[in-house]
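Coordinates in review
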Amino acid sequence: MRSVSVGQIIDTVERLCIDANYYLNRDIMCALNSGLEKEKSDTGKIIMGQIIENAEIASTNKMAICQDTGMAVVFIDMGQDVHVEGGSIVQAVNEGVRRGYKNGYLRKSVVEDPIHRINTGDNTPAVIHFEMVEGDSIKITVAPKGFGSENMSALKMLKPSDGLEGVKSFILKTVDNAGPNPCPPMVIGVGIGGTMEKAAILAKKALLRPIDMPSGIQYVKELEEEMLEAINMLGIGPGGLGGRNTALGVKIETFPTHIAGLPVAVNISCHATRHAEAVV
Amino acid sequence: MVYTIEAPLTAERVRLLKAGDSVEINGTIYTARDAAHRRMAAMIQEGKALPFDVKDQIIYYVGPCPAREGEVIGSAGPTTSSRMDAYAPALIEMGLTGMIGKGLRSSAVIEAMIKHGSVYFGATGGAGALISRAITAEEVIAFPELGPEAVRKLTVKGFPATVIIDSYGNNLYEQGKERYRVI
């Protein structure tokens, strides 16, 4: 049994909140640059140029890429041979978020009740997803999620008879309906299978996969390619002003499901698809 | 061609702007987003004075990041405008001539824009660090307890935007999408 102190968890989460919000990952930067080369619209090229310049300004000046520094979504892969010492891991994660958002000059965007809507003032609580894994370490991933794109996401319980065509049509319709709202070019995370909540979490997790890494399942890989091509024919384009770059990537995760069901979740992310991870 | 816009902005000047025009905005603009709009709508209903006179003004839909010491403001890009659609027509009727945001607007907002002479500018979503460079002064003038949602008076210089919907109802989102749609 290995011990990890809550202090280590707090420090790590604080750093990851700041890093994720300041530094756009290299895979997304590469996708933006190659998207710019392929863009047909002059206005679209200008917008892509602004987005790339914006990411450079943010990283040079240590400031948030986007003012919507998101609700902090934290994935914890918890090694089953780890003992957390000195307090609650949930409280430690929230303390890390509190410190990261304060010390990183990040916006506090969380309200304590969905109806009464008073800002908590420190961006807590985080949404934390725990998973027990083998081993004696803890992998922490912080994925701040902005709501311009989160609001355009959708989930549908399809019928098994809807099949692959039903899945394709739901993905395409969701993206087309999102239009300019989620700050295109978007990244599309899709979860197919499981139960209602499993599909949603799969869609969120799909957004963590490097954008240049296809699915390991052949038909899913082909579906990712086909959907990206179809989405980029919708015409929405950078900033929604028209063009070829509506999405930078489509990432799909699947899971076994029930004989009666075909859940599909589409989690839309903006061009600032942010995440940072560390192992403690 | 990039046009320079001075804010405050008159309805006469608004009528000269066309969907697709690139603009740089100089002058004074105000920020308000969800919670501030909700409060202002209640003030209108109760017959109270708003935190600022909206006549000939531009409202920027933004909730900025806090500024580091010595800086004017943190990252400050546009938020999704449609959440303000329920409140915008009343403000337009009171003389609001411009809105800056991102994303689609309702037909009720567009009708009010056509009737009273108001324009909808788009700023690039997710380019908050870039846009913050065009903001030279910031002052919270109402609802400080709302934090990022407080009403702010901003001084801007060369604020980059595009006319998305003009005061005749022409819509760049529709035109742009149609032009590049092949599905």
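Refer to the structure above for everything that follows.
Here, residues in each chain are numbered from 1, in the same order as that chain's written sequence. The lettering of chains begins at A and the numbering of ligands begins at 1, in the order of writing. Given that the model is predicted, a residue must reach a pLDDT of at least 70 before its local features are reported, and side-chain atom pairs must reach 80 or more before they are shown or counted; all residues, however, enter totals for whole chains, interfaces and linings. Side-chain numbers come from the whole structure's heavy atoms, not from hydrogens or water.

**Here's the deal with the overall build of chain A**
Regarding its fold elements, chain A presents 8 helices and 10 strands. The globule rule is 2.2 Å times the number of residues to the power 0.38, and the radius of gyration it is compared with is taken over C-alpha atoms. Over its C-alpha atoms chain A spans a radius of gyration of 19 Å, differing by no more than 12% from the 19 Å that the globule rule assigns to 280 residues. Reported as C-alpha extents along the three principal axes, the dimensions of chain A are approximately 55 × 50 × 40 Å. Buried means the residue's accessible area, taken with a 1.4 Å probe over protein chains only, is under 20% of the maximum for its type, while exposed means over 50%, and partly exposed covers the values in between. Looking at chain A as a whole, 55% of its 280 residues are labelled buried. By definition in these notes, contact holds between two residues if any of their heavy atoms fall within 4.5 Å. In chain A, the share of contacts with a sequence separation of at least 24, taken over all contacts with a separation of at least 6, comes to 81%. By element, 54% of the accessible surface of chain A is carried by carbon and sulfur atoms, the whole surface being about 11,800 Å². In this tally, Asp and Glu contribute negative charge and Lys and Arg positive charge; neither His nor the terminal groups of the chain are included. Think of each charge as sitting on NZ of Lys, CZ of Arg, CG of Asp or CD of Glu. Counting 27 positive and 33 negative side-chain charges, chain A places the averaged centre of each group 3 Å from the other. By definition, any uninterrupted DSSP run of H or I lasting at least four residues is a helix, any uninterrupted run of E lasting at least two residues is a strand, and each is numbered from the N terminus. For every accessible area listed, the method is Shrake-Rupley and the probe measures 1.4 Å; residues are considered covered only by the protein chains on display.

**With respect to the layout of surface pockets**
Grid spacing is 1 Å over the protein atoms alone, the probe is 1.4 Å, and a cavity is where that probe fits but cannot get out, while a pocket is an open set with protein on both sides within 12 Å along at least five of seven lines and lining residues have an atom within 4 Å of a point. Grid points are joined across faces, edges and corners, and a volume is the space filled by probe spheres set on the points. In this structure, the largest pocket occupies an estimated 990 Å³ of space. In terms of lining residues, the largest pocket is bounded by 31 residues, among which Ser109(A), Val111(A), Arg117(A), Asp34(B) and Glu149(B) are the most central. Put simply, the parts of the chain that give the lining of the largest pocket at least two residues each are helix H5 (147–150) of chain A together with helix H2 (34–45) of chain B. Among the elements that take part in the lining of the largest pocket, H2(B) stands out by supplying 4 residues, more than any other.

**A closer look at the side chain of Ser167(B)**
As for its placement among the helices and strands, Ser167(B) is situated in the loop between strand E7 (151–165) and helix H6 (172–180). Once you skip the residues sitting within four places of it in the chain, Ser167(B) turns out to touch Val14(B), Arg15(B), Met113(B), Ile114(B), Gly117(B) and Ser118(B).

**Observations regarding the pairing of strand E2 (residues 71–79) of chain A**
The side chains of a regular strand alternate between the sheet's two faces. Residues and elements named next belong to chain A. Counting buried positions over the 9 residues of E2 gives 7, a clear majority of the element. Two strands are counted as paired when DSSP detects at least two bridges linking them. Bridge count between E2 and strand E5 (residues 138–145): 8 bridges; the pairing is antiparallel. Across the sheet, the residue bridging to Ile76 is Ile140, located in E5. As judged from the 7 bridges shared by E2 and strand E4 (residues 127–133), these two strands associate in the parallel manner. Each bridged residue has a counterpart across the sheet, and for Gly79 the counterpart in E4 is Val133.

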